[in-house]
Amino acid sequence: MSFVPGQPVTAVVQRVEIQKLCQGENLILGFSIGGGIDQDPGQNPFSEDKSDKGIYVTRITPGGPAESAGLKMGDKIMQVNGWDMTMVTHDQARKKLTKKREDVVRLLITRKSLEEAVKHSKGSHPSHLPAQTNARTTKDRVVL
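Below you will find a few notes about this structure. (Residues numbered from 1 in each chain as written. Predicted model: local features only at pLDDT ≥ 70, side-chain atom pairs only at ≥ 80, totals over all residues. Heavy atoms only, no water.)

## A look at the packing of aromatic side chains
Throughout the structure, instances matching the rule amount to 1 aromatic pair. An angle of 20° between the planes, with centres 6.1 Å apart, marks the rings of F46 and Y56 as stacked. Residue F46 is found in the loop between β4 (31–35) and β5 (55–60), and its partner Y56 is found in strand β5; the two are separated by 10 residues along the sequence. Taking the relative accessible area as the measure of exposure, F46 reaches 25% and is therefore partly exposed. Above the plane of the ring of W83 lies K96, whose end atom (NZ or CZ) is 3.5 Å from the centre. (Phe/Tyr/Trp six-rings, centres within 6.5 Å; stacked < 30°, edge-to-face > 60°. Helix = DSSP H or I, 4+ residues; strand = E, 2+ residues; numbered from the N terminus. Buried < 20%, exposed > 50% of the residue type's maximum accessible area, 1.4 Å probe, protein only. Lys NZ or Arg CZ within 6 Å of the ring centre and 35° of its normal.)

Pasting the structure below:
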């Protein structure tokens, strides 16, 4: 998914809610991120056109909170707890995700398979749409 800075973006998104895991004084999400407006988008393996400076999930800890919530490697993070993440630095994104006073992180993410599912479902009967399997996960189309 690519976009022109300053122009509205239409994206198929999925809500993912992650309950942080408490390990001592640390709250663990169980994933790592890459990208940001201060990073080289050419180094981002998930950017199709190598110009996307979005925040992407680069690693998922097996069995961790993020994996349990349905987050996948390559997901693009569009929002964190209502905060727009489409034009942030890597450090700003990290700080939004790791706030100590928040033990739940609510993400809006997009992934290639979501876009493809909508493209293939256009004109299809609703019973042909993918079923929801995680009660904490929903799909929507939003304009950011």
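## Some details on the pairing of β4
Taken across its 5 residues, β4 has 4 buried, putting it largely inside the fold. Pairing of β4 with β5 involves 5 bridges; the strand directions are antiparallel. Across the sheet, S32 pairs through a bridge with R59, a residue of β5. (Pairing = 2+ DSSP bridges.)

## Quick look at the nonpolar core
Among the nonpolar cores identified, the biggest contains 20 residues, and I18, F31, L71, I77, L97 and L107 are the most heavily contacted of them. Counting only elements with at least two residues in this core, the list comes to β1 (10–19), β4, β5, α1 (65–69), β6 (76–80), α2 (90–97) and β8 (104–110). Aside from chain neighbours lying at most four places away, what touches F31 is I18, V57, R59, I60, T61, A66, L71, I77, L97 and L107. (Core = buried A, V, L, I, M, F, W, Y, C linked by side-chain atoms within 4.5 Å. Contact = heavy atoms within 4.5 Å.)

## So, the pattern of salt bridges
Scanning all chains against the criterion turns up 5 salt bridges. Residue R111 pairs with D75 through a salt bridge whose shortest N-O separation is 2.6 Å. Separated by 36 residues along the polypeptide, R111 in the loop between β8 and α3 (112–121) and D75 in the loop between α1 and β6 bring together distant segments of the chain. The residue D91 makes a salt bridge to R94 at a minimum N-O spacing of 2.5 Å. Here D91 and its partner R94 are both found in helix α2, 3 residues apart, which amounts to about one turn of the helix. The partly exposed category is assigned to D91, whose relative accessible area is 33%. Accessibility expressed as a relative area gives 38% for R94, which makes it partly exposed. One continuous salt-bridge network, built from bridges that share partners, spans D91, R94 and K95. (Salt bridge = Lys/Arg side-chain N within 4 Å of Asp/Glu carboxyl O.)

## Regarding the side chain of T110
With respect to the secondary-structure elements, T110 resides in strand β8. A relative accessible area of 5% means that T110 is categorised as buried. Only 2.6 Å separates the side chain of T110 from the backbone oxygen of V12, close enough to count as a polar contact. (Polar contact = N/O pair within 3.5 Å; in protein donor to acceptor, adjacent residues only side chain to side chain.)

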